[in-house]
Amino acid sequence: QVQVVESGGGLVQPGGSLRLSCAASGFTFSNYGMGWFRQAPGKEREFVAAITWSGVNTKYADSVKGRFTISRDNAKNTVYLQMNSLKPEDTAVYYCAAAMSWVLVTTVSNYDYWGQGTQVTVSS
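In this text, all values refer to a predicted model and were calculated from it rather than measured experimentally.

Rules used throughout
- Residues numbered from 1 in each chain as written.
- Predicted model: local features only at pLDDT ≥ 70, side-chain atom pairs only at ≥ 80, totals over all residues.
- Heavy atoms only, no water.
- Phe/Tyr/Trp six-rings, centres within 6.5 Å; stacked < 30°, edge-to-face > 60°.
- Buried < 20%, exposed > 50% of the residue type's maximum accessible area, 1.4 Å probe, protein only.
- Lys NZ or Arg CZ within 6 Å of the ring centre and 35° of its normal.
- Pairing = 2+ DSSP bridges.
- Helix = DSSP H or I, 4+ residues; strand = E, 2+ residues; numbered from the N terminus.
- Axes fitted to C-alpha atoms, helices over the stretch in contact; angles between N-to-C directions.

**Student:** So what exactly am I meant to see when it comes to the packing of aromatic side chains here?
**Tutor:** To describe a pair of aromatic rings, one takes the distance between the centres and the angle between the planes. With the rule as written, the count across this model stands at seven aromatic pairs. Pairing F27 with Y32 gives two aromatic rings, centres 4.8 Å apart and planes at 70°, and the pair type is edge-to-face. This pair shows no difference in class: F27 is buried, exactly as Y32 is. Judged by its relative accessible area of 10%, Y32 is buried. What links up through ring pairs into an aromatic cluster is the set F37, F47, Y111 and W114. Just above the ring of Y95 sits the side chain of R45; from NZ or CZ to the centre is 3.7 Å. Here R45 stacks its cationic end above the ring of W114, 5.0 Å away from the centre of that ring.

So, in structure tokens, the structure goes:
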């Protein structure tokens, strides 16, 4: 049974930091690229960051480049998203997803498995 479970969300002040974690099971984690997406109320789900199965290659949305860092630990079947210098516009539900293909890594349809999401709220 495939499970993808995000954690680490919460309320943080502008300029603060959060680290999201995503624990996966039920599939061969080290064979999959992993991505983070987010969805704000009334908006479409958007790409945030992705990392290849090996962790060598990463990709970021322009809006988070230089502030967010994606990483993974294949021994723990876990992917992380370190978020620094958070802004109110980063407020959203953050989703973790797994994909066999790296071709369309920024698109929702590219991903095979999804978590339920974790809420991140950036507010003073």
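**Student:** Where do I start with the sheet that holds strand β7 (residues 68-73) in this structure?
**Tutor:** Strand order in this open sheet of four strands is β1-β3-β8-β7, and the pairing throughout is antiparallel. Strand pairing shows two members of the sheet lacking a second neighbour, β1 (3-7) and β7, which therefore form its edges. Strand-to-strand twist of the sheet, defined as the mean angle between neighbouring strand axes without regard to direction, takes the value 15°. Bridge count between β7 and strand β8 (residues 78-83): six bridges; the pairing is antiparallel. Paired with I70 across the two strands is L81, which belongs to β8.

**Student:** Just to check I follow, could you spell out the pairing of strand β9 (residues 92-99) for this structure?
**Tutor:** Successive residues of a regular strand alternate their side chains across the two faces of the sheet. Of all the eight residues making up β9, seven are buried; the element is thus mostly covered by neighbouring parts of the structure. Judged from the seven bridges that link them, strand β4 (residues 33-39) and β9 form a sheet pairing that is antiparallel. What sits directly across from W36, in β9, is C96. Here β9 pairs with strand β11 (residues 118-122) via three bridges, running antiparallel. From the neighbouring strand, A92 faces β11, where its bridge partner is V120. Pairing geometry for β9 and strand β10 (residues 113-114), over two bridges, is antiparallel. For A98, the partnering residue across the bridge sits in β10 and is Y113.

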